[in-house]
Amino acid sequence: MAETIGSIIILAGAFFHFSAGVGLLRMPDTYTRIQAGTKASTLGNILVLAGLGFYHPDWALKLLVVAYFVLLTNPLSSHALSRAAHAIRIPMAPSTVVDALTERNAARAEKSGSS
Amino acid sequence: MSPVEEESQRANAALPRGFAGLWLLLLALWIVFNASVAPAILFVGLLAATAIAWIFTTRTAVWSGVLLTPGTLFHFLAYTGVFVIELVKANLNMLRYVYAPRIDIHPGIVKINLRLRSPIGRLALANSIALTPGSLVMDIDEDALFIHWLDVRTTDPEQATEMIAGAFDKHLGKVFG
């Protein structure tokens with residue numbers, strides 16, 4: 001019984017991973033792709049780990065720690081990627097409505113240029 | 001010597017601020033990894049936890065804002081609850097975008113206010129934002145975060161702050177300051 005529940009949870013996790021992959025292909029620009037990859041794969045990972053916990057109840061605490069590591073590191077890597085992408089001016093999708101970061105950078109450059 | 005410095009000197013003479021919390025966390029992790037409390041393993045763990053916690057709390061100020069009190073614990077649990085709900089919401093949202101026949105989004109980078117002061121609180125907030133519906137931290141200033149928003153609904157910093165960080169800000173402020 002526990003194994004059936006575990007399998008279903010792992011399958012749900014796999015579905016989120018698959019959706020992350022589809023999101024990577026379908027989203028219009030780098031930044032939105034990073035977003036799709038980050039979120040869906042985080043929940044997918046946690047669900048797979050939780051499902052594994054049903055198979056091996058004695059691993060539960062270790063799996064919890066692994067889940068926390070995923071939660072800590074996944075957003076960091078997506079932040080680093082998107083920040084680097086913006087720093088080398090990878091273009092944003094045409095549907096983009098506002099870019100406060102470029103405005104900030106422009107204002108900062110102007111300030112240092114005038115002083 | 002100013003009163004403030006004097007006080008920090010006195011605190012250093014006993015245990016550095018935040019030492020107990022970090023020490024407990026490290027020891028708990030060690031016991032979980034080993035899945036055993038045999039005397040030899042426990043001894044090595046105690047030694048390592050003490051050394052690492054000592055170095056981190058005396059050499060950096062990162063941990064010094066985190067104090068272990070019942071209030072902190074309660075707000076940490078409340079934060080975890082809010083976070084899990086937001087994470088699931090983020091994923092369902094993302095599924096809706098991903099499987100829509102035509103992806104109709106208006107992405108953009110907005111600026112929001114940052115009220116948290118401690119470095120670790122900021123890290124926690126930035127990480128939480130990255131995992132919540134359609135937002136991703138791009139850059140950080142003294143008092144502002146730049147967020148890539150999948151579907152921009154407002155460009156006003158005040159409103160955007162409330163919509164993106166409002167749920168976490170309160171609890172994280174209580175835990176990390």
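Residues numbered from 1 in each chain as written. Chains lettered and ligands numbered in written order. Predicted model: local features only at pLDDT ≥ 70, side-chain atom pairs only at ≥ 80, totals over all residues. Heavy atoms only, no water.

### A word on the UniProt feature "transmembrane region" (unreviewed entry) in chain B
And then number 1: Annotation from UniProt places "transmembrane region" (unreviewed entry) at residues 14-33, 40-56 and 62-88 of chain B.
And then number 2: Taken end to end, residues 40-56 of chain B is 100% helix and 0% strand, and its first and last C-alpha atoms sit 24 Å apart. (UniProt positions renumbered as here; feature names shortened; annotations may be inferred. Helix = DSSP H or I, 4+ residues; strand = E, 2+ residues; numbered from the N terminus.)

### Here's the deal with the UniProt feature "transmembrane region" (unreviewed entry) in chain A
And then number 1: Feature annotation in UniProt assigns "transmembrane region" (unreviewed entry) to the following positions: residues 6-25 and 61-82 of chain A.
And then number 2: When the span residues 6-25 of chain A is considered, its composition is 100% helix and 0% strand, and the gap between its end C-alpha atoms is 29 Å.

### With respect to the pattern of salt bridges
A side chain of one charge can pair with a side chain of the opposite charge when the charged atoms of the two come close.
And then number 1: Overall, the coordinates contain 2 salt bridges over all chains when judged by the stated rule.
And then number 2: The partner of D139 of chain B in a salt bridge is R83 of chain A, with the nearest N and O atoms 3.2 Å apart. Of this pair, D139 of chain B sits in strand β2 (residues 135-140) while R83 of chain A sits in helix α3 (residues 60-87), on two different chains.
And then number 3: Across the salt bridge formed by K89 of chain B and E86 of chain B, the nearest N and O atoms sit 3.2 Å from each other. Placement of the pair is K89 of chain B and E86 of chain B together in helix α4 (residues 70-99), with a separation of 3 residues, close to one helical turn.
And then number 4: The exposure class assigned to E86 of chain B is buried, which follows from its relative accessible area of 15%. (Salt bridge = Lys/Arg side-chain N within 4 Å of Asp/Glu carboxyl O. Buried < 20%, exposed > 50% of the residue type's maximum accessible area, 1.4 Å probe, protein only.)

### Some remarks on the sheet that holds β2 of chain B
And then number 1: The strand order across the open sheet formed by 4 strands is β1(A)-β1(B)-β3(B)-β2(B), and the pairing between neighbours is mixed. Across the chains shown, the open sheet's two edge strands, defined by having one partner strand only, are β1 (98-99) of chain A together with β2 of chain B.
And then number 2: Against the sheet, α3 of chain A engages β1 of chain A together with β1 (108-113) and β2 of chain B, with an angle of about 60° to β2 of chain B.
And then number 3: Sitting on the sheet, helix α5 (residues 119-130) of chain B touches β1, β2 and β3 (144-149) of chain B, and the angle it makes with β2 of chain B is about 145°. (Pairing = 2+ DSSP bridges. Contact = heavy atoms within 4.5 Å. Axes fitted to C-alpha atoms, helices over the stretch in contact; angles between N-to-C directions.)

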